[in-house]
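Take a look at the letters that make up each chain.
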Amino acid sequence: MKTVLQTNFNGIDGLSIEDTAKPTLTDNGVLVKMAVMPVSPTDWKLESDAHATNEDLATLPRVIGIQGAGTVIAVGKNRDQALLNRRVLVVNPAGVYQEVVLSENPDWLYPLAANVSNADAAALSAGTSWTLKQAIDHSHADNIVITGANSVIGLTLLQMLADEHRPIYPIVTEASKTYFASQMPHLTAYTNADLPTLTGTTIVLDIVGKLDLLTDLAARLNQPEIVSIVLMQAPTLANFKFVHDEFNADHYRYFLQTLADGKLTAIINKIFPIDQTKEAQHFAKETHSRGRVLVGFTA
Ligand SMILES: NC(=O)c1ccc[n+]([C@@H]2O[C@H](COP(=O)([O-])OP(=O)(O)OC[C@H]3O[C@@H](n4cnc5c(N)ncnc54)[C@H](OP(=O)(O)O)[C@@H]3O)[C@@H](O)[C@H]2O)c1
């Protein structure tokens, strides 16, 4: 079966697509025939640097990807037999970019409602957005500034902030202003240069991870709290902290329910076929963010 493997730290072009043996069903496992998986910046960071993230995914070779959607094709005798033929979102730290995945942890398998497509489920990026929302909810700051607001995580966060009463100042690049307006017509986006002077205290949620951008913002805002999901440290900035998404099965169930209820919308750019995994990663890395890029076995 086709499997996308990382065998080195040479970056995207170091990936290989290999023919590997199909996993064997175990009593505690289910086999999932994969349909579609997301591409994210974490992928190409891990492919070039063993210490790129807090995640312990540096042992090679490894099958890339952590989550994806597909259909259960076999169920072990200790698992719920009703799972057979169900479409599911599967989380598997051992990798998901392979035709068939063995999933042995019931907490990492989520049956999908009929109105949630495989692509919508695979594109789900809500955990990190939720982590940022927690930081906002715990902050007493008067203003909310979000860098990289047009990113998948930024737009998902903004959906979660629909009831927020404090003013929100999305920051995007000039090239992404029109796209942002199409996604969030009720909010005005600013570039870093045209952000107005803010009064009161501010929390900055950083989704970009550029120290010069944050340094510039910190100089213009009144000692903002800065919460980054990208920069792991910034010793020159006061009130800075890095936050990391902790996997939580109940959160996944909740986010999938909000997708089914129409309270959360998946943000999808385009789907590449599995043979073009490298092209998909290059496209996601080298173009402005216009939704999650996906890779599919059936595209
Ligand atoms: N801490 C955690 O738990 C965690 C978990 C998941 C992901 N992450 C990180 O979160 C970040 C965002 O992920 P995502 O999937 O939402 O990515 P994404 O959709 O690709 O968005 C990336 C954003 O960064 C902006 N950007 C990139 N280079 C820039 C530059 N030089 N100047 C200004 N803006 C720039 C992009 O703006 P344009 O679109 O205008 O180019 C876009 O808004 C990634 O770095 C990822 O590794 C962290």
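Once a new chain begins, its residue numbering starts again from 1 and follows that chain's sequence as written. Local features in this predicted model are restricted to residues whose pLDDT is 70 or higher, and side-chain atom pairs enter the listing and the counts only when it is 80 or higher, whereas totals over whole chains, interfaces and linings include all residues. Excluded from the side-chain calculation are hydrogens and water; included are all heavy atoms of the structure.

A. Highlighting the environment of Ala114. Here a helix means four or more residues in a row that DSSP labels H or I, a strand means two or more in a row labelled E, and each is numbered from the N terminus. Here Ala114 lies in the loop between β8 (109–111) and α2 (118–122). Exposed residues in this analysis have more than 50% of their type's maximum accessible area, buried residues have under 20%, and partly exposed residues fall in between, with area computed by a 1.4 Å probe over protein chains only. Classification of Ala114 by relative accessible area gives exposed; the value is 82%. C-alpha separation for the pair Ala114 and Ala260, spaced 146 residues apart in sequence, amounts to 8.2 Å.

B. Highlighting the domain arrangement of the protein chain. The source of the domain bounds is an automatic or database domain assignment. In terms of domains, the protein chain is made up of domain 1 (2–124 + 266–296) and domain 2 (126–242). Taken over C-alpha atoms, the centre of domain 1 sits 29 Å from the centre of domain 2. By the convention used here, residues are in contact when the closest approach between their heavy atoms is within 4.5 Å. Each partner contributes to the interface: domain 1 provides 12 residues, whereas domain 2 provides 15 residues. Across the domain 1/domain 2 interface, buried area totals approximately 1000 Å², and carbon plus sulfur atoms make up 57% of it. Buried area is a sum: the accessible area each of two parts loses on coming together, probed at 1.4 Å, counted once for each and added.

C. Spotlight on the packing of helix α3 (residues 126–138) against helix α4 (residues 152–160). Here an angle of 0 to 180 degrees is reported between the N-to-C directions of two axes, which are lines fitted to C-alpha atoms, with helices fitted over the stretch in contact. Viewed as axis vectors pointing N to C, α3 and α4 meet at an angle of 55°, and their least axial separation amounts to 9 Å. Regarding the angle of α3 to α4, the classification is oblique. When the axes of α3 and α4 are compared, the crossing they make is right-handed. Of the residues in α4, those touching α3 at Ala126, Thr128, Ser129, Trp130, Leu132, Lys133 and Ile136 are Ile153, Thr156, Leu157 and Met160. Residues are grouped as follows: Ala, Val, Leu, Ile, Met, Phe, Trp, Tyr, Cys and Pro are nonpolar; Asp, Glu, Lys and Arg are charged; every other residue, Gly included, is polar. For the contact of α3 with α4, the per-class residue count stands at seven nonpolar, three polar and one charged. By the definition adopted for this analysis, an angle is roughly parallel if under 35 degrees, roughly antiparallel if over 145, roughly perpendicular if from 65 to 115, and oblique otherwise. Crossings are sorted by hand: turned counterclockwise from the far helix by less than a right angle, the near helix makes the crossing left-handed, and turned clockwise it makes it right-handed.

D. Local environment of the sheet that holds strand β12 (residues 225–228). At least two bridges found by DSSP between two strands are what make those strands a pair. Taken in spatial order, the five strands line up as β10-β9-β11-β12-β13 in an open sheet, and their pairing is parallel. Edge strands, defined here as strands with exactly one partner in the open sheet, are β10 (168–171) and β13 (240–242). Taken over all neighbouring pairs, the strand axes of this sheet differ in orientation by 15° on average, direction set aside. Strands in contact with α3 are β9 (143–147), β11 (202–206) and β12; relative to β11, the strand with the most contacts, it is inclined by about 170°.

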